[in-house]
Amino acid sequence: MTEQNAADVDPESYAEELRRKREEKDDFFGSHPQSPIPPEERDAFDGLDYFDPNPDARVEATVSVHEDPEPVPMETTAGDEVRYLRLVTFSFELRGEAVELHGYQQEREDDEAVFVPFRDKTTGQQSYRNGRYIELHPDEPLADSETVVLDFNLAYTPFCAYSETFACPLPPEENWLDVAVGAGERDWNSTN
């Protein structure tokens, strides 16, 4: 998905592109040797479950880059801890609510994706019980941007939801949202 202004998207072509990317991911999960789906379950795998494409879940967020990023310890599903740097704060409105999410990196590298783990009111019900992730790949350094588009249609379930061989960071409490984000991947286990 290309970075565009949140309002500058044709809903039909956007939904078609999103469906195509989801089909590619389902193909990878169902057949690739590096799929997180255990090998003995891949033959029965018929795709992930997704919320319908939702253009309103693409939000334009104000960017506040932290010049001196603070370390944030995150627990993992394996019970240990990993440390990330709180690199940026995104401020935006979602479903009429003023919201903030923080973006992290393990080390500050300009070419590395910004990791945005979150929980919301769908967590543990319609989406994975330990939260979901967004990876942001900005077109330019965040320090040069006043706003970026956060697309919750791209929110995905971490690999640890499919197999205990993976350990995943848990979203810190500062990234727990008080709104439901009905976009992106649903909980795979609720339908399988």
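Going along each chain's sequence as written, the residues are numbered from 1 onward. Local features in this predicted model are restricted to residues whose pLDDT is 70 or higher, and side-chain atom pairs enter the listing and the counts only when it is 80 or higher, whereas totals over whole chains, interfaces and linings include all residues. Side-chain calculation: all heavy atoms of the structure are included, whereas hydrogens and water are not.

Student: Even after reading the chapter, I still don't get the environment of Pro 71, so can you show me in this structure?
Tutor: Numbering of helices and strands runs from the N terminus, with a helix taken as a DSSP run of H or I at least four residues long and a strand as a DSSP run of E at least two residues long. Residue position: Pro 71 is located in strand E1 (residues 58-75). Along the chain, Pro 71 and Gln 106 lie 35 residues apart, while their C-alpha atoms are 8.9 Å from each other. Contacts of Pro 71, omitting those with residues within four sequence positions, involve Arg 83, Tyr 84 and Leu 85. Residue contacts follow a heavy-atom distance rule, with two residues in contact if any of their heavy atoms lie within 4.5 Å.

Student: Hey, could you run me through the pattern of salt bridges in this one?
Tutor: Close approach of charged atoms lets side chains of opposite charge pair. A carboxyl oxygen of Asp or Glu within 4 Å of a side-chain nitrogen of Lys or Arg is what we treat as a salt bridge. All told, the structure shown has seven salt bridges when counted by the stated rule. Between Glu 24 and Arg 20 there is a salt bridge; the shortest N-O distance is 2.9 Å. Of this pair, Glu 24 and Arg 20 both sit in helix H1 (residues 11-31), separated by four residues, roughly a single helical turn. Burial classes: relative accessible area under 20% of the type maximum marks a residue as buried, over 50% as exposed, and values in between as partly exposed (1.4 Å probe, protein chains only). The class for Glu 24 is partly exposed, based on a relative accessible area of 45%. Measuring nitrogen to oxygen at the nearest pair gives 3.4 Å for the salt bridge that ties Asp 151 to Arg 58. With Asp 151 in strand E6 (residues 147-151) and Arg 58 in strand E1, the pair connects residues that are 93 residues apart, well separated along the chain. In this structure, Asp 151 and Arg 58 share a single accessibility class: buried. Salt bridges here are not isolated pairs; linked through shared partners, they connect Glu 70, Arg 86 and Glu 174.

Student: What am I meant to see in the pairing of strand E4 (residues 114-118) here?
Tutor: On any regular strand, side chains alternate: one points to one face of the sheet, the next to the other face. Counting buried positions along E4 yields five of five residues, so the element is predominantly enclosed. Alternating positions in E4 separate into two faces, Val 114, Val 116 and Phe 118 on one and Phe 115 and Pro 117 on the other, with burial throughout.

Student: Mind showing me how you'd approach the confidence of the model for the protein chain here?
Tutor: The predicted structure's coordinates, where accompanied by low pLDDT, should not be read in detail. Each residue carries a pLDDT value, the predictor's own confidence for that position, ranging from 0 to 100. Residue-level pLDDT values for the protein chain average 90, and 92% of them are 70 or greater. Taken element by element, the protein chain is modelled with least confidence in H1, mean pLDDT 93, and with most confidence in E4, mean pLDDT 97.

Student: What is the right way to look at the pairing of strand E2 (residues 81-94) in this model?
Tutor: As paired elements, E1 and E2 share 10 bridges and run antiparallel to each other. Considered in E2, the bridge of Val 72 is made with Tyr 84. What sits between the antiparallel neighbours E1 and E2 is a turn of five residues, in which Gly 79 has the positive phi angle 95°. Inspection of the sheet shows E2 paired to strand E3 (residues 97-105) by nine bridges, in the antiparallel sense. The residue bridging Ser 91 from the neighbouring strand is Glu 100, located in E3. A pair of strands is treated as paired once DSSP finds two or more bridges between them.

Student: When you look at the nonpolar core in this model, what are you seeing that I'm missing?
Tutor: Most often, soluble globular proteins have nonpolar side chains that are buried together. Formed by 25 residues in total, the largest nonpolar core has its most connected members in Phe 90, Phe 92 and Phe 152. Listed by contribution, the elements that provide at least two residues to this core are E1, E2, E3, E4, strand E5 (132-136) and E6. In terms of residue count, E2 provides more of this core than any other element does, five residues in total. The contact partners of Phe 92, leaving out residues within four places of it in the chain, are Val 59, Glu 60, Ala 61, Glu 97, Ala 98, Val 99, Leu 101, Leu 150 and Phe 152. Ile 37, Val 72, Tyr 133 and Tyr 156 belong to the second-largest nonpolar core, a separate cluster that totals 18 residues. Nonpolar cores are built from buried Ala, Val, Leu, Ile, Met, Phe, Trp, Tyr and Cys residues. Side-chain atoms within 4.5 Å join them into one set.

Student: How should the side chain of Thr 89 be read in this particular structure?
Tutor: Secondary-structure assignment places Thr 89 in strand E2. Using a relative accessible area of 6% as the deciding quantity, one classes Thr 89 as buried. Polar contact is defined as a pair of N or O atoms within 3.5 Å, subject to the rule that within protein one atom must be able to donate a hydrogen and the other to accept it, and that residues adjacent in sequence are counted only when both atoms are side-chain atoms. Looking at Thr 89, its side chain comes within polar contact range of the side chain of His 102, at 3.0 Å. With residues near it in sequence (within four places) discarded, Thr 89 still touches Thr 62, Val 63, Ser 64, His 66, Glu 100, Leu 101 and His 102.

Student: For this particular structure, what's the right way to read the packing of aromatic side chains?
Tutor: Note on aromatic pairs: each is described by the distance of the centres and the angle between the planes. Each Phe, Tyr or Trp ring, with Trp reduced to its six-membered ring, pairs with another whose centre is within 6.5 Å; inter-plane angles below 30 degrees give stacked pairs, above 60 give edge-to-face pairs, and intermediate values give tilted ones. The tally for this structure, following the rule as stated, stands at 10 aromatic pairs. Every member of this aromatic cluster is reached through a ring pair, and the members are Phe 28, Phe 29, Phe 45, Phe 159, Tyr 162 and Phe 166. Whether a charge sits over a ring comes down to the Lys NZ or Arg CZ being within 6 Å of the ring centre and within 35 degrees of the ring normal. Above the plane of the ring of Phe 51 lies Arg 186, whose end atom (NZ or CZ) is 4.2 Å from the centre.

Student: When you look at the environment of Phe 166 in this model, what are you seeing that I'm missing?
Tutor: Structurally, the position occupied by Phe 166 is in the segment after E6. In this structure Phe 166 touches Pro 36, Thr 77, Phe 159 and Cys 160, once residues within four positions along its chain are discounted.

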